[in-house]
Amino acid sequence: MKYSLPISLALVAISLAACERNVAAPPAPAAIAVPGPAGATGATGSTGDTGAMGASGATGATGSTGSTGDTGSTGSTGDTGATGRRGRTGDTTIVVPAQDPNRR
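One structure accompanies this document, and this report is about it. Throughout, a residue's number is its position along its own chain's written sequence, starting from 1. Reporting of local features is limited, given that this is a predicted model, to residues whose pLDDT is at least 70; pairs of side-chain atoms are given and counted only at 80 or more, and all residues count toward the totals for whole chains, interfaces and linings. With hydrogens and water excluded, all non-hydrogen atoms of the structure serve as input to the side-chain values.

1. What about the overall build of the protein?
Each helix is a run of H or I in the DSSP string that is no shorter than four residues. Each strand is a run of E no shorter than two, and both are numbered from the N terminus. A tally of regular secondary structure across the protein gives one helix and zero strands. For 104 residues, the compact-globule estimate of 2.2 N^0.38 gives 13 Å, and the protein exceeds it by more than 25% at 62 Å. With respect to the three principal axes, the spread of C-alpha positions in the protein is 170 × 80 × 35 Å. Any residue under 20% of the maximum accessible area for its type is buried, any over 50% is exposed, and the rest in between are partly exposed; the area is computed with a 1.4 Å probe on protein chains only. Per-residue burial over the protein gives 0% buried out of 104 residues. Methods summary: accessible areas were calculated by the Shrake-Rupley approach with a probe of 1.4 Å, and residue burial reflects only the protein chains presented. Surface exposure of the protein reaches about 11,600 Å², of which carbon and sulfur atoms provide 55%. Asp and Glu count as negative and Lys and Arg as positive, but His and the ends of the chain are not part of the count. By convention, the point assigned to a charge is CZ for Arg, NZ for Lys, CD for Glu and CG for Asp. Here the protein contributes 7 positive and 6 negative side-chain charges, whose respective centroids are spaced 15 Å apart. To get the radius of gyration, use the C-alpha atoms; to get the globule rule, take the number of residues to the power 0.38 and multiply by 2.2 Å.

2. Here we look at a nonpolar patch on the surface
Two distance rules govern patches: like charges are joined within 9 Å, and nonpolar side chains (Val, Leu, Ile, Met, Phe, Trp, Tyr) within 5 Å, applied only to residues with over 30% relative accessible area and no salt bridge. Each reported salt bridge corresponds to a side-chain nitrogen of Lys or Arg within 4 Å of a carboxyl oxygen of Asp or Glu. There is a patch of nonpolar side chains on the surface, built from Tyr3, Ile7 and Leu11 and spanning about 350 Å² of accessible area. Within the fold, Ile7 resides in helix 1 (residues 4-19).

3. Section: the environment of Asp79
Here Asp79 shows up in the segment after helix 1. Overall, Asp79 belongs to the exposed group, its relative accessible area being 79%.

4. Digging into the environment of Ala24
By the element assignment, Ala24 lies in the segment after helix 1. Under the relative-accessibility criterion, Ala24 is labelled exposed at 64%. C-alpha of Ala24 to C-alpha of Ala58: the two residues are 34 residues apart in sequence and 69 Å apart in space.

This is the structure:
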């Protein structure tokens, strides 16, 4: 208890010192310029020059080759041909070629 009074006084002094502020006068407001009446509209400016043409782009890469197509389906079987006529019976003719007279 012997130090309680000096400690209390030190805390009060620190607390009051922390609250002390230096109050500065606020700065004077800046002068605000009041605009006058608007003047006449100026003349239209001339048109600017056309810009230069840009460089052509590079040629694109060649595309890859396509894949092979599917094989076509097999065609259908053709129709059966017509039946032939029945053979004849009877006369048999034998043809004998003529003999060459120069041949012996």
